[in-house]
Amino acid sequence: MSERKRVCIIGAGPCGMAALCHFSQAASDVRPEVVCYEKQATWGGLWNFTWLTGTDEFGEPCHGGQYKHLWSNGPKECLEFPDYTFNDHFQCPIPSFPPRDALRDYLEGRWTNGDEDLRKYIKFTTVVRSVVYNDASQNFTVVSTDLQAGVSSTEVFSHVIVAVGIFNVPNKPYFDGIEKFEGRIMHSHDFRDAKEFKGQRLLVVGASYSAEDLALQCLKFGAKSVICTWRTKPMSFKWPIGIEERPLLQQLDNNMAYFKDGSSAEVDVIILCTGYRYAFPFLEDRLRLQSRLTMYPDNMYKATLWLGGGGGRLFYLGVEDQYFTFTMFETEALWCCRYIMGTISGEPKSEAEMRADADKWVSRRNGLKSPNDDIDFQADFIADMSSAVGYNPEEQKVADMLHKWKRDKVVDIVSYRAQSFRSVFSGIEAPLLKHRWWKVFDDSKDAFLKNTE
Ligand code: NA7
């Protein structure tokens, strides 16, 4: 008699929901029993806005780091689902860079578009405390706590999919003298509203997406000045007056910041845009992915199946650095669900074959030299995975758009969101914004839908 599969999904954000969607669409003779645990009271993961920072109402670490007036920093055409386009959802063409509210709405539309109510598979406000692999019985013991009831329970699963994201535990580096700084110090994860910094002189540490967007947001909402300080490489955009870049902060003396080039400046606020730490505290040591942000983590087959332990039954979704986001999560989730259900031809492979395949990707990863290389790498990774499951997210066409988006940002970092892209699935060219991002102070979905030429 074949084993009855029972799958635990941890997290109901874009990755976990993609897995739930695919399981729910599978034929009943291969579909496993599925339970999804979600710490928050609703689905959406990182896409849920919360006013809370630090810990939530139950004393658990706050998951989300979304802020008011956050607009997508990449074209929506690069994260569009082939089988549920933006036009399917909004029933009209919309511009290419939607605010968070509109993107969350789109995601929710996708999750409620099927025949089943996926909520029935999710245990909301339930946090997973521990996952242990039992070698003898080849299954996992999962302990979770219902936060509302304060009651813990233990269940056994044949497979576990970890989908808790990688942008929720802030990385907070130390700088000499920081404890004596007299202004506010915060991490970008706790940033909620740029208005707070009106009239202030900001020091932004970091040179990646958070640094770029928060520097612009704060200036847009009236910050007096912003200095971004970089460690490895400056962002080097043509910044508007008010934003500048300097080499790495070396030391603070009260409110004076000293930089590697010998310069100094007085600042009122420090925002650490220094990224995130991989954190899966509920997994036993041998199951835990310990990585820095990379285009393909070590020790994983197809960047999803964990090779370090767990008998080939533990999966991670969305744990690599991301250009493609939703469609990559979708590809990984589809592959993962079908792998578990045993419906991918040529799988499973031997451990030696999986390691050889993983080594090939890691070795290519080690030679990546630029963001454009990263985009092509990720497109090829998606092509490899999606072809195995008959999915077609048109990754090469999307890669071309991502290259253009990168160039647009170099041309003008303030107005790259005014560009329009064409959907590779619906063929629809996005309308232009009537008022550009820099001039818009209402980030609601309704205001956005009205803001078109
Ligand atoms: P990222 O993309 O991980 O970037 C982190 C940045 O922080 C990066 O520029 C790092 O510099 C910098 N960093 C990290 N540690 C330090 C120290 N110790 N000193 C100085 N600078 C440091 O995080 P983001 O929050 O920008 O973006 C994460 C995701 O959130 C992203 O995908 C967006 O879509 C949203 P480095 O280059 O390593 O020298």
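Here, every reference points to the structure presented above.
Residues numbered from 1 in each chain as written. Predicted model: local features only at pLDDT ≥ 70, side-chain atom pairs only at ≥ 80, totals over all residues. Heavy atoms only, no water.

## Comments concerning the packing of aromatic side chains
Moving on, step 1. Overall, the coordinates contain 28 aromatic pairs when judged by the stated rule.
Moving on, step 2. With 5.1 Å between their ring centres and 70° between their planes, F280 and Y316 make a pair best called edge-to-face. Placement of the pair is F280 in the loop between β15 (269-272) and β16 (300-301) and Y316 in strand β18 (residues 314-316), with a sequence separation of 36 residues.
Moving on, step 3. F280 gets classed as buried once you look at its relative accessible area, which sits at 2%.
Moving on, step 4. An aromatic cluster of three or more residues is present, and its members are W47, F81, Y84, F86, F90, Y106 and F326.
Moving on, step 5. One Lys or Arg, R110, reaches over the ring of F81 and ends 4.9 Å from the middle of that ring.
Moving on, step 6. Sitting over the ring of W437, R417 keeps its end group 4.7 Å from the ring centre. (Phe/Tyr/Trp six-rings, centres within 6.5 Å; stacked < 30°, edge-to-face > 60°. Helix = DSSP H or I, 4+ residues; strand = E, 2+ residues; numbered from the N terminus. Buried < 20%, exposed > 50% of the residue type's maximum accessible area, 1.4 Å probe, protein only. Lys NZ or Arg CZ within 6 Å of the ring centre and 35° of its normal.)

## Section: the site of the ligand
Moving on, step 1. The environment of the ligand is formed by 18 residues, the closest being A207, S208, S210, R231 and T232.
Moving on, step 2. Within the side chain of N171, one N or O atom sits 3.4 Å away from a nitrogen atom of the ligand.
Moving on, step 3. In this structure, A207 approaches the ligand through a main-chain N or O atom, which is 2.9 Å from an oxygen atom.
Moving on, step 4. When its residues are assigned to classes, the shell around the ligand shows ten nonpolar, seven polar and one charged.
Moving on, step 5. Residue contributions to the shell around the ligand reach at least three from each of two domains, namely domain 1 (6-168 + 276-402) and domain 2 (178-272). (Near = heavy atom within 4 Å. Polar contact = N/O pair within 3.5 Å; in protein donor to acceptor, adjacent residues only side chain to side chain. Nonpolar A, V, L, I, M, F, W, Y, C, P; charged D, E, K, R; others polar. Domains from an automatic or database assignment.)

## What about the environment of I166?
Moving on, step 1. One can find I166 in the loop between β7 (159-162) and β8 (184-187).
Moving on, step 2. I166 sits 155 residues away from D321 along the chain, and the two C-alpha atoms are 9.1 Å apart.
Moving on, step 3. Contact partners of I166, with chain neighbours within four places excluded, come to Y276, R277, Y278, F280, L293, G318, V319, E320 and Q322. (Contact = heavy atoms within 4.5 Å.)

## Description of the side chain of T126
Moving on, step 1. Positionally, T126 belongs in strand β4 (residues 126-134).
Moving on, step 2. Residue T126 is classed as buried on the basis of its relative accessible area, which comes to 7%.
Moving on, step 3. Of note is the side chain of T126, whose polar atom sits 2.8 Å from the backbone oxygen of F124.
Moving on, step 4. With residues up to four places along the chain from it excluded, the contact list for T126 reads Y37, E38, K39, S144, T145 and D146.

## Here we look at the nonpolar core
When a protein is soluble and globular, its nonpolar side chains tend to lie buried together.
Moving on, step 1. Membership of the largest hydrophobic core comes to 106 residues, with the highest contact counts inside it found for I161, I271 and W335.
Moving on, step 2. Contact partners of I271, with chain neighbours within four places excluded, come to M186, H187, S188, F191, F197, L202, L203, V204, V205, L214 and C218.
Moving on, step 3. The next biggest cluster of nonpolar side chains, apart from the first, holds 25 residues, and it includes V128, V164, W306 and Y316. (Core = buried A, V, L, I, M, F, W, Y, C linked by side-chain atoms within 4.5 Å.)

## Description of the pattern of salt bridges
Moving on, step 1. For the structure shown, the criterion picks out 34 salt bridges.
Moving on, step 2. A salt bridge links R110 to D83; its shortest N-O distance comes to 3.8 Å. In this pair, R110 sits in helix α3 (residues 100-111) while D83 sits in the loop between β2 (33-37) and α2 (86-90), placing the two residues 27 residues apart along the sequence.
Moving on, step 3. Judged by its relative accessible area of 45%, D83 falls in the partly exposed class.
Moving on, step 4. Through salt bridges with shared partners, a single network forms among R4, R6, E33, K123 and E155. (Salt bridge = Lys/Arg side-chain N within 4 Å of Asp/Glu carboxyl O.)

## Details of the sheet that holds strand β14 (residues 264-266)
By definition, the strands of a sheet pair up through backbone hydrogen bonds, in either a parallel or an antiparallel sense.
Moving on, step 1. In spatial order, the strands read β12-β13-β14; together these three strands make up an open sheet with antiparallel pairing. Strand pairing shows two members of the sheet lacking a second neighbour, β12 (249-253) and β14, which therefore form its edges. Averaged over all adjacent pairs, the angle separating strand axes in this sheet is 20°, with direction ignored.
Moving on, step 2. The pairing of strand β13 (residues 256-259) with β14 spans three bridges and is antiparallel. When the sheet's bridge partners are listed, M256 is paired in β14 with E266. (Pairing = 2+ DSSP bridges. Axes fitted to C-alpha atoms, helices over the stretch in contact; angles between N-to-C directions.)

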